[in-house]
Amino acid sequence: AAAAAGLAAYLLDDAERRGVDTLQCCVRGLTDADCGALAGLLAGPVALRLARLCTLDFGCNQIGCSGAAALAPLLGLAPLLKTLRLDSNCIGCRGASALAEAIAAHSAGALDSLLLGWNRIGDAGVSELADALGRGGAPRLRELSLEANGLGD
């Protein structure tokens, strides 16, 4: 988890130096514990820098439900966030529920792309996401990727 926090700090520094608005954490082998450490760092001392990010990319890792739940509150700290990529992880219904709660609570106003394909969300998780979106969460959402999530089985 300490390595993940160090990685996040490095990536934020690098993005800031290059003037990039993306936190690229894909294909890093991140786990739920890493996400807890990352979320703590991102919500704490570097929150002002997080506010400038437009893309959070956590695709192709080993993030499960508790990792998604740890990352969900970041939606409220990144008002310019347009893309949240969590595809190709191990997120199940509980993780989708946490994301749905964050989307509904913070309206995720700028979010236009939510990539959750290739997880384990299932029908119940998709239902919770649909409910949050139906209540006005993420009003600008144009892309919602949910393929390969065990839907309709």
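Residues numbered from 1 in each chain as written. Predicted model: local features only at pLDDT ≥ 70, side-chain atom pairs only at ≥ 80, totals over all residues. Heavy atoms only, no water.

A. Main features of the overall build of the chain. Scanning the chain from N- to C-terminus turns up six helices and five strands. Shown N-terminal to C-terminal, the secondary structure of the chain runs as helices and strands in the order α-β-α-α-β-α-β-α-β-α-β. Every one of the 153 residues in the chain was classed for burial, and the buried ones make up 50%. Partitioning the intrachain contacts of the chain with sequence separation of at least 6 by distance along the chain shows that 88% fall at a separation of at least 24. About 6800 Å² of surface is accessible on the chain, with carbon and sulfur atoms providing 54% of the total. (Helix = DSSP H or I, 4+ residues; strand = E, 2+ residues; numbered from the N terminus. Buried < 20%, exposed > 50% of the residue type's maximum accessible area, 1.4 Å probe, protein only. Contact = heavy atoms within 4.5 Å. Areas by Shrake-Rupley, 256 points an atom, 1.4 Å probe, with all protein chains shown as cover.)

B. Highlighting the sheet that holds strand E2 (residues 55-57). Taken together, the five strands give an open sheet; going across it, the order is E1-E2-E3-E4-E5, and neighbouring strands pair in parallel fashion. Of all the strands in the sheet, the pair left with one neighbour each is strand E1 (22-24) and strand E5 (143-145). Taken over all neighbouring pairs, the strand axes of this sheet differ in orientation by 5 degrees on average, direction set aside. (Pairing = 2+ DSSP bridges. Axes fitted to C-alpha atoms, helices over the stretch in contact; angles between N-to-C directions.)

C. How the structure looks around helix H6 (residues 122-134). Taking 1.5 Å of rise per residue, 13 residues should cover 18 Å, and H6 covers 18 Å from first to last C-alpha, within 8% of that figure. Of the positions making up H6, those classed as buried are Gly 122, Gly 125, Val 126, Leu 129 and Ala 132. Seen along its axis, H6 keeps its buried residues to an arc of 120 degrees; they face one direction. Contact partners of the buried residues in H6: helix H5 (93-106). Positioned one or two residues after H6, Gly 136 has a phi angle of 100 degrees, which is positive. (Expected span 1.5 Å × (residues − 1). Arc of directions from axis to C-beta.)

D. Representation of H5 in the model. For H5, with 14 residues, the first-to-last C-alpha span of 20 Å sits near the 20 Å given by 1.5 Å per residue. Among all positions of H5, only Gly 95, Ala 96, Ser 97, Ala 98, Leu 99, Ala 100, Ala 102 and Ile 103 are buried. Close packing links the buried residues of H5 with helix H4 (65-71), strand E3 (83-85), strand E4 (113-115) and H6.

E. Representation of the packing of H5 against H6 in the model. Here H5 crosses H6 at 0 degrees, and the two axes come no closer than 8 Å. Considering the angle they form, H5 stands roughly parallel to H6. Taking contact as the criterion, the partners of Cys 93, Ala 96, Ser 97, Leu 99, Ala 100, Ile 103 and Ala 104 in H5 are, on H6, Ala 124, Gly 125, Glu 128, Leu 129, Ala 132 and Leu 133. Grouping the amino acids of the contact of H5 with H6 by side-chain chemistry returns ten nonpolar, two polar and one charged. (Parallel < 35°, antiparallel > 145°, perpendicular 65-115°, else oblique. Nonpolar A, V, L, I, M, F, W, Y, C, P; charged D, E, K, R; others polar.)

F. Structural detail: the nonpolar core. Leu 56, Phe 58, Ile 63, Leu 84, Leu 86, Leu 116 and Leu 129 are the most contacted members of the largest nonpolar core, which totals 35 residues. At the level of secondary structure, the elements contributing two or more residues to this core comprise helix H2 (32-43), H4, H5 and H6. By residue number, the principal contributor to this core is H5, which donates six residues. Those residues in contact with Phe 58 that lie beyond four places of it in its chain are Leu 23, Cys 25, Cys 26, Leu 30, Leu 38, Ile 63, Leu 71, Arg 85, Leu 86 and Asn 89. (Core = buried A, V, L, I, M, F, W, Y, C linked by side-chain atoms within 4.5 Å.)

G. Geometry of unusual backbone geometry. The phi dihedral of Val 27 is positive, around 50 degrees, even though this residue is not glycine. Among the structural elements, Val 27 can be located in the loop between E1 and H2. Judged by its relative accessible area of 59%, Val 27 falls in the exposed class. A positive phi angle is found at Ala 138, which is not glycine, with a value near 55 degrees. Mapping Ala 138 onto the fold places it in the loop between H6 and E5. We classify Ala 138 as buried; its relative accessible area is 5%.

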